[in-house]
Amino acid sequence: MSSCWTWTRTGEPRSRASNCNTTRMTGCASNAPTPRSTSIAKEVVPVTGSPKSAEFSLVDDAWIPVLDAAGQRREVSLLGLFEQAGDIRMIACELPTQSFAILRLALAVLHRATGGPPGDGAWRALWHARQLPVGDVADYLGVFRDRFDLLHPEQPFYQVADLRAAKNNTFGLERLIADVPNGIPFLTTRAGEGMKSISPVEAARWLVHCQAYDPSGIKTGAVGDPRVKGGRGYPIGVGSVGALGGVHLEGATLRETLLLNLVPVAPGWQNGDDRDLPVWEREPQTASEESDATRGPYGLLSLYTWQSRRVRLFGDASGITGAMIAIGDRFDWQDRHLLEPMSVWGRSGPREREQKRTPIYLPRPHDHSRALWRGLQTLLPAPPAPGAEPPQRLSPMVVQWLARLTVTGVVGSDFRVRPRATSVTYGTQQAVVDEVFSDALTMNVLLLVENSELRTAAVDAAADAESAVKVLRRLADNLARAAGSRDTDSGDAERAAEQAYARLDQDFRDWLARLGPDSDPVTERASWQRLVRRAILRLGDELVAATGPAAWIGRAGVDRNGREVHYSSSQAEAWFRVGLAKALPMAAETPQQRQEEPA
């Protein structure tokens, strides 16, 4: 069993497993005995630098927006986030991508403060405790307090203190704030005085977001970076998290959310590596790219705190007036699925052909054109058959971890969780943010288990809806032909599909949330098919009723197979009902079911 160690503020060392080596921290790292090296916990080296107190401490000053149990919005400090986690529902930032980036930052802190956690037993102890190990978190943050000062003169948080351009450029805030695209600020609500200065509170949030999601494109060239040519830093890609199809698990409180996403650093999950350190435990960044030897990525900690950009904020505690943003550390996500637990993954055909090997996995950003439930097979892919080729899709490691906890009984089979998907669509050459996507589904944990019949029923139910909507599209096309349209892409089918998905959206979410350990998969799927059938039939009837006399009479035409047919509204309706019966074979209703189930 691996040894581990933690920090304590005062008093006796906290008890752990019998072979756990505990170190007492009383405010100065130099007072601590050197711990044994482990997979995640390492000796803490005192931070050198200015002894002056922080001007804006992310540890102590409130800057993270949250929604509490009473539904009230407020701001907390980084330490307060952990202290009040049991009374907070969620991190609730201006953008869901901000919330996701700050969650990853908080997880990096919690991983270090818990020594991993080093295995199932350690995680189980955290889950059953009444609160997070706040003392350990406070000790850890206390050791690195200077590195969490946004305005530190020598080592400001997530920045390079002496970052500068070759020319005396003037920098505004539009490069930092994602909802004000640089050069096209026409559709933003933030302009004028709102762009002259922002508080350190807001700047801290946008700084964390910038390192995670900053668009690609040419950046200001930083003096001292050998990659700069002609005063420009040429594109290295979007911020590291921008490439992910981000997924995290939401519990009833932030405490549950943090623990559900705290994948152990233990065999079978995350391999421990003594080189894996968050950026604040490494030497301060310079303008140039950090050496591969220190930056990794070697594990979760380097991934969660990856420095995609070199940044310097301008201003003081009264307001931040500008930000210089230069290129930072490059990142290639190929085959990082064993390191990164908070993304969906898919095989890359182009890279497999290019490199002549299989499988090669890359993160898969979410499809922003459809609700999360419509892509449920991506979040919860079917397990490969024995002897089959490697799977095309991989679910996030956080989903696999909670499935393991469900199977082993650590988390009860009646527990409900909300997987939340978050990702960004970038525009021209990935140089602008086009769209931010976020969606969540409430579901029973049994749906996360690979071989669960309930999981199969849910994925198949989403496919049932797609099949039924496809039949409705065909009805809209046939009615358009009956009315004399020669345009095979008139838009009628697309509008009908949009209406169908809008009507089914909340129905599916409610149906999914009702599934539990006592649900019969066959019965539940049949119930869903009947619900879909009624909704699609109503829409079909509305489409038929809206057609005019021309469609009633109809006209001759050629179908998709080249056969001559007569298109009319009555014929289109007949085809529609036959097609719907084939798409939803379990939807046949007895008279008793028609009376019992709501319309």
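Residues numbered from 1 in each chain as written. Predicted model: local features only at pLDDT ≥ 70, side-chain atom pairs only at ≥ 80, totals over all residues. Heavy atoms only, no water.

### So, the overall build of the protein chain
Reasoning step 1: Regarding its fold elements, the protein chain presents 17 helices and 18 strands.
Reasoning step 2: Relative to its full complement of 599 residues, the protein chain shows a buried share of 54%.
Reasoning step 3: Element-wise, carbon and sulfur atoms account for 49% of the exposed surface of the protein chain, whose accessible area totals about 26,500 Å². (Helix = DSSP H or I, 4+ residues; strand = E, 2+ residues; numbered from the N terminus. Buried < 20%, exposed > 50% of the residue type's maximum accessible area, 1.4 Å probe, protein only. Areas by Shrake-Rupley, 256 points an atom, 1.4 Å probe, with all protein chains shown as cover.)

### Brief notes about the side chain of Arg205
Reasoning step 1: Looking at the element boundaries, Arg205 is found in helix α5 (residues 200–213).
Reasoning step 2: On the basis of relative accessible area, Arg205 is assigned to the buried category, the value being 10%.
Reasoning step 3: A distance of 3.3 Å separates the side chain of Arg205 from the side chain of Glu75, its partner in a polar contact.
Reasoning step 4: Excluding residues that lie within four positions of it along the chain, Arg205 makes contacts with Trp63, Pro65, Glu75, Cys93, Gln98 and Ile102. (Polar contact = N/O pair within 3.5 Å; in protein donor to acceptor, adjacent residues only side chain to side chain. Contact = heavy atoms within 4.5 Å.)

### A few points about the packing of helix α12 (residues 453–482) against helix α16 (residues 569–583)
Reasoning step 1: Between α12 and α16, the shortest axis-to-axis distance is 9 Å and the interhelical angle comes to 170°. Taken together, the axes of α12 and α16 are roughly antiparallel relative to one another. Along the contact surface, α12 presents Asp464, Ser467, Ala468, Val471, Leu472, Leu475, Asn478, Leu479 and Ala482, while α16 presents Ser569, Ala572, Glu573, Trp575, Phe576, Gly579, Leu580 and Ala583.
Reasoning step 2: Residues that form the contact of α12 with α16 fall into these classes: eleven nonpolar, four polar and two charged. (Axes fitted to C-alpha atoms, helices over the stretch in contact; angles between N-to-C directions. Parallel < 35°, antiparallel > 145°, perpendicular 65-115°, else oblique. Nonpolar A, V, L, I, M, F, W, Y, C, P; charged D, E, K, R; others polar.)

### Let's talk about the environment of Thr428
Reasoning step 1: Looking at the secondary structure, you find Thr428 in the loop between β14 (416–426) and β15 (433–440).
Reasoning step 2: Along the sequence, Thr428 and Ser216 sit 212 residues apart, while their C-alpha atoms lie 9.7 Å from each other.

### What to know about empty space enclosed by the protein
Reasoning step 1: The tally for this structure, following the rule as stated, stands at four cavities of 30 Å³ or more.
Reasoning step 2: Taken as a whole, the largest cavity spans an internal volume of roughly 100 Å³.
Reasoning step 3: Lining the largest cavity, in full, are Arg147, Gln155, Pro156, Phe157, Tyr158, Gln159, Val279, Trp280, Pro284, Gln285 and Gln307.
Reasoning step 4: Its residues assigned to classes, the lining of the largest cavity shows six nonpolar, four polar and one charged.
Reasoning step 5: When its volume is computed, the second largest cavity comes out at roughly 90 Å³.
Reasoning step 6: Taken together, Ala101, Arg104, Tyr158, Val208, Gln211, Ala212, Ser240, Val241, Leu303, Tyr304, Thr305 and Trp306 form the lining of the second largest cavity.
Reasoning step 7: Counting only elements with at least two residues in the lining of the second largest cavity, the list comes to α2 (96–113), α5 and α8 (300–304).
Reasoning step 8: Take the lining of the second largest cavity: its biggest share by element is three residues, from α5.
Reasoning step 9: For the lining of the second largest cavity, the per-class residue count stands at eight nonpolar, three polar and one charged. (1 Å grid on protein atoms, 1.4 Å probe; cavity = no way out; pocket = protein on both sides within 12 Å on 5 of 7 lines; lining within 4 Å. Points joined across faces, edges and corners; volume = space filled by probe spheres on them.)

### Examining the sheet that holds strand β12 (residues 361–363)
Reasoning step 1: Across the sheet, three strands lie side by side as β12-β11-β13; this open sheet has antiparallel pairing. Both edges of this open sheet fall to β12 and β13 (393–394), since each of them pairs with a single strand only.
Reasoning step 2: As judged from the two bridges shared by strand β11 (residues 345–347) and β13, these two strands associate in the antiparallel manner. Paired with Trp345 across the bridge in β13 is Leu394. (Pairing = 2+ DSSP bridges.)

### Regarding the packing of aromatic side chains
Reasoning step 1: One pass over the structure, following the stated rule, counts 16 aromatic pairs.
Reasoning step 2: For the ring pair Trp511 and Trp528, a centre distance of 5.7 Å and an interplane angle of 35° mean the geometry is tilted. Placement of Trp511 in helix α13 (residues 492–514) and of Trp528 in helix α14 (residues 521–545) is noted, with a sequence separation of 17 residues between them.
Reasoning step 3: Note on Trp511: relative accessible area 1%, which makes it buried.
Reasoning step 4: When its relative accessible area of 0% is taken as the criterion, Trp528 is described as buried.
Reasoning step 5: An aromatic cluster is built from Trp373, Tyr501, Phe508, Trp511 and Trp528, whose rings are joined through pairwise contacts. (Phe/Tyr/Trp six-rings, centres within 6.5 Å; stacked < 30°, edge-to-face > 60°.)

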